[in-house]
Protein chains: 6
Amino acid sequence: DFEAALSEVQPAFGANTENLSKAMTHGIIDYGDAYRHLANTLRTLVSQVQNSAKTPMMSVLLEGPSGSGKTALAASAAIASQFPFAKIISPEDMVGYSEQSKGSQITKVFEDAYKSPLSIVVLDDIERLLEYVAIGPRFSNAILQVLLVLIKKQPPAGRKLLIIGTSSAGDVLEPMGLSSAFNVQLHVPALRGAEVEAVMMADSSFAEADLREAVETLVSLCGSAVVPVKKLLLWMEMARQELAEPNGPIPLEAWQKVLRDLANTR
Amino acid sequence: DFEAALSEVQPAFGANTENLSKAMTHGIIDYGDAYRHLANTLRTLVSQVQNSAKTPMMSVLLEGPSGSGKTALAASAAIASQFPFAKIISPEDMVGYSEQSKGSQITKVFEDAYKSPLSIVVLDDIERLLEYVAIGPRFSNAILQVLLVLIKKQPPAGRKLLIIGTSSAGDVLEPMGLSSAFNVQLHVPALRGAEVEAVMMADSSFAEADLREAVETLVSLCGSAVVPVKKLLLWMEMARQELAEPNGPIPLEAWQKVLRDLANTR
Amino acid sequence: DFEAALSEVQPAFGANTENLSKAMTHGIIDYGDAYRHLANTLRTLVSQVQNSAKTPMMSVLLEGPSGSGKTALAASAAIASQFPFAKIISPEDMVGYSEQSKGSQITKVFEDAYKSPLSIVVLDDIERLLEYVAIGPRFSNAILQVLLVLIKKQPPAGRKLLIIGTSSAGDVLEPMGLSSAFNVQLHVPALRGAEVEAVMMADSSFAEADLREAVETLVSLCGSAVVPVKKLLLWMEMARQELAEPNGPIPLEAWQKVLRDLANTR
Amino acid sequence: DFEAALSEVQPAFGANTENLSKAMTHGIIDYGDAYRHLANTLRTLVSQVQNSAKTPMMSVLLEGPSGSGKTALAASAAIASQFPFAKIISPEDMVGYSEQSKGSQITKVFEDAYKSPLSIVVLDDIERLLEYVAIGPRFSNAILQVLLVLIKKQPPAGRKLLIIGTSSAGDVLEPMGLSSAFNVQLHVPALRGAEVEAVMMADSSFAEADLREAVETLVSLCGSAVVPVKKLLLWMEMARQELAEPNGPIPLEAWQKVLRDLANTR
Amino acid sequence: DFEAALSEVQPAFGANTENLSKAMTHGIIDYGDAYRHLANTLRTLVSQVQNSAKTPMMSVLLEGPSGSGKTALAASAAIASQFPFAKIISPEDMVGYSEQSKGSQITKVFEDAYKSPLSIVVLDDIERLLEYVAIGPRFSNAILQVLLVLIKKQPPAGRKLLIIGTSSAGDVLEPMGLSSAFNVQLHVPALRGAEVEAVMMADSSFAEADLREAVETLVSLCGSAVVPVKKLLLWMEMARQELAEPNGPIPLEAWQKVLRDLANTR
Amino acid sequence: DFEAALSEVQPAFGANTENLSKAMTHGIIDYGDAYRHLANTLRTLVSQVQNSAKTPMMSVLLEGPSGSGKTALAASAAIASQFPFAKIISPEDMVGYSEQSKGSQITKVFEDAYKSPLSIVVLDDIERLLEYVAIGPRFSNAILQVLLVLIKKQPPAGRKLLIIGTSSAGDVLEPMGLSSAFNVQLHVPALRGAEVEAVMMADSSFAEADLREAVETLVSLCGSAVVPVKKLLLWMEMARQELAEPNGPIPLEAWQKVLRDLANTR
Ligand SMILES: Nc1ncnc2c1ncn2[C@@H]1O[C@H](COP(=O)(O)OP(=O)(O)OP(=O)(O)O)[C@@H](O)[C@H]1O
Ligand SMILES: Nc1ncnc2c1ncn2[C@@H]1O[C@H](COP(=O)(O)OP(=O)(O)OP(=O)(O)O)[C@@H](O)[C@H]1O
Ligand SMILES: Nc1ncnc2c1ncn2[C@@H]1O[C@H](COP(=O)(O)OP(=O)(O)OP(=O)(O)O)[C@@H](O)[C@H]1O
Ligand SMILES: Nc1ncnc2c1ncn2[C@@H]1O[C@H](COP(=O)(O)OP(=O)(O)OP(=O)(O)O)[C@@H](O)[C@H]1O
Ligand SMILES: Nc1ncnc2c1ncn2[C@@H]1O[C@H](COP(=O)(O)OP(=O)(O)OP(=O)(O)O)[C@@H](O)[C@H]1O
Ligand SMILES: Nc1ncnc2c1ncn2[C@@H]1O[C@H](COP(=O)(O)OP(=O)(O)OP(=O)(O)O)[C@@H](O)[C@H]1O
Ligand SMILES: [Mg+2]
Ligand SMILES: [Mg+2]
Ligand SMILES: [Mg+2]
Ligand SMILES: [Mg+2]
Ligand SMILES: [Mg+2]
Ligand SMILES: [Mg+2]
């Protein structure tokens, strides 16, 4: 089953999945329906590309607030697909290169993908690939034009390609014509309500007795019941650091101290 | 007869029509009067260029919403013309090249065309050729100036040329002076009402009994009775993927599931 | 007589008039007073440059709507002058060159002109030479500055020069300081009323009996009684294409079909 | 006496005055007080640079409407000075060069001037030197900065320099800080009233009996009693062209025809 | 204890701390609670990076008014950490380099850091690294994009990294997405009230009897009771200059004269 | 005594003071309190850099209207300091160089200064160094960033540096962050009231009996009692030019004629 595959993170044969699994340092926690709908839809798209004869190309955009888990979702779907070609195009690997060079590197990955019968390409953090900044606004039109074309270009006969984009600036991609260039758009929300609890319960991070109070502290100090999964896991890690045994439950006081410090300083 | 020719897609001798036919993966479906008027006018223009002595050059712009079938129409007209020179200038073949290089490549195709007694050049997705983006707005003025001149330039004595442009950004080409630089402008609309039904009926994609309900589902989930032919055919293909026999009719449930999923995620 | 000379298009000795005559594919039709005033004034300027000792340089701008006949007028005046040096500087011959290169090519033509005792230089489609586009607006300031200086620069002692510019963007040239840099500005209007009829009557394009109805059809389908001569001649050519004998009169039905098709599609 | 010197245009020994005298094709006509004040002030500045020990550098800007005679005034003052170094820096001699190259050429002239004990440099048509255009506005900041510094820079010990700038865009030079960088600013107005008459009377261009009517025609067809000297002299030259003897008086009819034609076409 | 370590400034083995200690010419004065909270939080972050397994990377932004002590705080934390790799990236060391070169130099430091098991990188004066200026505004998007990625990029397996940024333009970094890219943001305020007194008392800079009046002079001449520590220490140094013995207390008159002079001239 | 030193302009040993003294063609006139306060403060800053151990670097900005004497003040302070290294960085010496080159030249002077135990660097006419123009506004951000860093950068251990900047565009330097980057800001005003008289009295430029009337003429023709010292000295020089003996007093009539001419022409 797909979810199981996602959690197990089985590396596909022949695909370099090291970079992909690096994107899931905290694993994938099944935090509820919202997660399952996302995982499900990605699974369907993977299998459609694999099976349908007349849709050799599919593209899906994962869009949502910073830290909501977009990259991890994309990476886990890519790994679970077991497609012979699976690659992530990430701004991290192109630091300091010129627009032109970045455009070429992106194009190169697609050309490699076209050589494999079945491929997945993850375009991670698209606004960063575009060198976007809100002041101006400025961005690389050269890279944008490369993406606009590659996202719609059919692979050669007999090749199949799934493109997964991620972005925390969906509203910016819209007027660029990038959002609507994807066949499907999926929203990846931050955690809310019971989802927060589900993540805090996972791996017995808190003693069951402490859970309710731990959540209440979070809500009262955050000023909001909505929190991105990436931030929540970072705070839990900060609270965990003075534990005697690394995998024991987080004491309430450690949790409260971390949240109070951060609330103080922001 | 022209329509027949369009559907049969007979490759012209001596013209490289591979790229042209690639633009019609789903064939050409006669979905009603609107289609026939478009096909007719294109046919007239082809024959005028072929026959008239004093109009060695004609240019027509196919303009309409994304996915309405502009490229397929242009390609099929080019193939049906059987002109010895028929070429599509597509952004897909120029990914990542510089403005200057793109300008040269475009010019080169026209210069080649001038060497043939009868030529068709398709300028596909003009806003993409221009590297247009709404923010700014930005675009390549170098490429725009090349197009503005080439679209009005007379071929040398004894040569004849038909230019077919396609664009889903007609409102943008207007202030650039590009729309009015074409001799004729044709609007290619999205499907509406009976046209949608005609496409769904074609190739017995749905069992006749299901057709009415299939259309109703589409309208209610789309929130609109207007849909571009390209999207409609993609959704049908998605619904078809779990069929036992690839060419059988699409079951209503599969159709409803696909549309519901997409409506959910957008 | 000048008009006769214009119609006869006698190539001047030593001047390359091929490009110039290419600009008059449909000849010059005397469509009334407006035309004659324009032709007259051009003739006067030609002879002033030829004769006056203290005005070795004259410049005139032909400005008017797209297709009103500016280039043909300039070319015919240049040919009729029989000046030993007569050259048209046209954007068509500089497609894809850089601003700098275009600037040099323009300068080169003027330098060649300065070597001849009597010269005419036609600066055709000035807004295109300037790579002008309304969005922005953008244009080549490098080329503009070249034009601004060349249009006012005196030829060397003993040399005489007439510069004829054409533009369908007079309102744009004004704030650039280009319009007022010309010694004389002439407006070339589109055809209206009796002028339209005069052009349709020329060369017996219509049977006399059909003329009134042909004109009425034009006015009612155009939504206006004003039409540029270039468009009118193109439409007539389109209507002429299914004629048995190429020079026979245009049947009313053919004329009506062409106009109806075009009205439909715009 | 200075005025006499201006009219006689005696070339200074050792100074290349060819380009300077080219700027006065129509000579210098003493048209009244306004002219004499301008000529006088220029003379005073010339002699101050020549005589004063503590003002080795003076700069004066001649600013006024297009064609009002700025360049001719500057050139005649430069020639009359008989300074061993007298040079005009004109946009005409730098057509098509890059900003950088223009900057260097300008700097070079000043460096040459610094080698002569007494120099005059005319910076002609400063807005054109700056590649200024009102749309934007755009201009070469590189050239502007060169001018801003050179206009204030002291020549080396023992060298003296007078800089005369001309411009018909005084309002533009102001916010650039260029106007106030000149030590003195002089306004050169267009002709008005009796001044117009004075110019028309000079060299017996009109028969005395015709003068009043000739002036009246001008005023009524111009719609204004203000006219730049350069334009007035051009129109007179146009009217003169059909004369039997080149230096005879201009017949009233010829004058009226020229003015009527121009009024018509504008 | 951490504070002690900060004051003692013990250079870490193997780390080049020369540039770091240069940033603390006036040492670190414990001026009250605000200082201790800042020092404390920095200490916690240092130890978390050192100890936690799942947070190999931490980033903190020190933001506050000009001269409030950001760089000194960052430098002292870096030195006190005794991490084997500790480096400050400062605009001072990149004067006059191109954007590209600056981007490379910054990237290089991070790549060096990735080779050490434990590293601290100080990004000093981020708005200056970005070549920011409020007019426009302008800044280097190339450098910004480098920072945006490097601040979020995970070091390779087994490496740990603490990034400390400093900026006196926090409001500018916000719309650039830079502030929120840091895991933690700390505000470094100017001195106020008792904090001012604490700094003036340190090292017996004033005779105890003079302190109250010295503070009052400052407040009345400054027009405000808020002053950045860097400015306060500079003024004290100016007042100290005419002392007989360099470490004696500052006489009231010297203090008053310095403040009065500065108040006068501003 | 400092003032005496300023007037005597004693060149310091080892420092190239030629360029510095060139900035004081008219010497330094003690025109009153305002001048003495400025000269005094500069003297204090010079001696602080020389003596204080903990302030190896000081920077002061002289800001005021065009011609108020900023450059002369800076130059005289630099010469009087007798520092072994004293250099003026002036736009005059960098005419026509590229931004990059200017940036390097500026940096080079600072690097040279860092090699001397005691240095003064004058940054003259900062807005010109920055290639500033109000239209846009435009300026060299590359040069600005160089200045912003160099003005705050500490010299190496054991080196001491005084930076004196001059600018007549203080309001422009403010939003660039340049004004506040200087440790001290001094306003250099134009002359007013008794100061004007003091300058006119100096060196017996006017006969005592004429003084009152000479001042009144100035005020009435200037339309204001405020005048920059540089302009006043220029006008006096112009009035002096027709004197029999170069150092005699200026006759009232000569003075009135000069002022009247200038008032006329502006
Ligand atoms: N169900 C889940 N979905 C996504 N991520 C999860 C889930 N459960 C745990 N995680 C962990 O949460 C983190 C999500 O971070 P990730 O980088 O994917 O977020 P992001 O939205 O891409 O952030 P950014 O907006 O910064 O790019 C990862 O470390 C991942 O291992
Ligand atoms: N009558 C028809 N006209 C056009 N296309 C048709 C028709 N019938 C079927 N099709 C199919 O519909 C699709 C139309 O897609 P096409 O790429 O031509 O649209 P488009 O308007 O060019 O899209 P875009 O705006 O993305 O460029 C093609 O796959 C084509 O085979
Ligand atoms: N009296 C006339 N004046 C001008 N052109 C005429 C006349 N009679 C016939 N023609 C024909 O009309 C056409 C005018 O086209 P032309 O290219 O000169 O127009 P234009 O105003 O330059 O167009 P554009 O604005 O596109 O540059 C030519 O083919 C010319 O032969
Ligand atoms: N008193 C006069 N002052 C100036 N020019 C005169 C005078 N009398 C006659 N002229 C003639 O008038 C013409 C003035 O033209 P000139 O080019 O100097 O004007 P301009 O103001 O520089 O024009 P532009 O604004 O185009 O640069 C010259 O041909 C000159 O010979
Ligand atoms: N508690 C303290 N915190 C910070 N700095 C202190 C403290 N006590 C003394 N100092 C001294 O104050 C000065 C602070 O200057 P620093 O350059 O760090 O300020 P800054 O905020 O980085 O300034 P800028 O905004 O110009 O970058 C240093 O010389 C430092 O030695
Ligand atoms: N007390 C004084 N202070 C300054 N300058 C004086 C004084 N007395 C006489 N001068 C003379 O006045 C002139 C001042 O000119 P200076 O170039 O220094 O002015 P500035 O303010 O730098 O001008 P700008 O704004 O053009 O740069 C010099 O020639 C100098 O010799
Ligand atoms: Mg991500
Ligand atoms: Mg298309
Ligand atoms: Mg034309
Ligand atoms: Mg001129
Ligand atoms: Mg700092
Ligand atoms: Mg100065």
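What you see is a predicted model; the values in this text were computed from it and never measured. (Residues numbered from 1 in each chain as written. Chains lettered and ligands numbered in written order. Predicted model: local features only at pLDDT ≥ 70, side-chain atom pairs only at ≥ 80, totals over all residues. Heavy atoms only, no water.)

Quick word on the interface of chain B and chain C
On the chain C side, the residues contacting the 34 residues of chain B number 24 residues. Here chain B meets chain C over a buried area of about 2,500 Å², counting both sides, of which 59% is carbon and sulfur. For chain B, the biggest contributors to the area lost against chain C are Lys54, Gln145 and Val149 of chain B; these three give 20% of the whole. One can count zero salt bridges joining chain B with chain C. Summed over the shared surface of chain B and chain C, the result is seven residue pairs in polar contact (both at pLDDT 80 or more). Counting only elements with at least two residues in the side of chain B that touches chain C, the list comes to α3 (33-51), α7 (141-150) and β5 (184-187) of chain B. Looking at side-chain class alone, the side of chain B that touches chain C contains 15 nonpolar, 15 polar and four charged residues. (Contact = heavy atoms within 4.5 Å. Buried area = accessible area lost by both parts, 1.4 Å probe. Salt bridge = Lys/Arg side-chain N within 4 Å of Asp/Glu carboxyl O. Polar contact = N/O pair within 3.5 Å; in protein donor to acceptor, adjacent residues only side chain to side chain. Helix = DSSP H or I, 4+ residues; strand = E, 2+ residues; numbered from the N terminus. Nonpolar A, V, L, I, M, F, W, Y, C, P; charged D, E, K, R; others polar.)

With respect to the relation of the copies chain B and chain C
Of the two same-sequence chains, chain B is brought onto chain C (RMSD 0.0 Å, axial shift 0.0 Å) by a rotation of 60°. Taken together, the turn and the small shift mark the pair as related by a six-fold rotation axis. Closest approach to the rotation axis among the C-alpha atoms of chain B is made by Gly136 of chain B, whose C-alpha sits 9.0 Å away. Interface residue correspondence from chain B to chain C reaches only 3%, placing this contact among heterologous pairings that use different surfaces. (Least-squares fit on C-alpha atoms with pLDDT ≥ 70 in both.)

Focus: the pattern of salt bridges
If you walk through the whole model with that rule in mind, you get 42 salt bridges over all chains. Salt-bridge contacts for Lys257 of chain D lead to Asp261 of chain D; the nearest nitrogen and oxygen are separated by 3.2 Å. On the criterion of helical spacing, the pair formed by Lys257 of chain D and Asp261 of chain D is a turn pair, its members being four residues apart in helix α12 (residues 252-265). Residue classification places Lys257 of chain D among the partly exposed positions, given a relative accessible area of 42%. If you follow the salt bridges from partner to partner, you end up with Asp30, Asp33 and Arg36 of chain A in one network. (Buried < 20%, exposed > 50% of the residue type's maximum accessible area, 1.4 Å probe, protein only.)

A look at the environment of Ala78 of chain D
All names here are of chain D. Inspection of the secondary structure puts Ala78 in helix α4 (residues 70-81). What makes Ala78 buried here is its relative accessible area of 1%. Separated by 32 residues in the primary sequence, Ala78 and Val46 place their C-alpha atoms 8.6 Å from one another. In this structure Ala78 touches Leu20, Ala86, Ile120 and Val122, once residues within four positions along its chain are discounted.

A short note on the site of ligand 6
Taken together, 19 residues surround ligand 6, and among them Lys152 of chain D together with Gly27, Ile29, Lys70 and Thr71 of chain F come closest. Here an oxygen atom of ligand 6 and a side-chain polar atom of Thr71 of chain F are 2.7 Å apart. Separating an oxygen atom of ligand 6 from a side-chain N or O atom of Lys230 of chain F is a distance of 3.0 Å. Isolated, ligand 6 exposes 630 Å² of accessible area, and the fraction of that covered by the protein chains is 95%. Mapped onto the shell around ligand 6, the elements with two or more residues apiece are α4 (70-81) and α11 (229-240) of chain F. When its residues are assigned to classes, the shell around ligand 6 shows eight nonpolar, eight polar and three charged. (Near = heavy atom within 4 Å. Areas by Shrake-Rupley, 256 points an atom, 1.4 Å probe, with all protein chains shown as cover.)

Remember that the coordinates give geometry; whether it matters functionally is a separate question.
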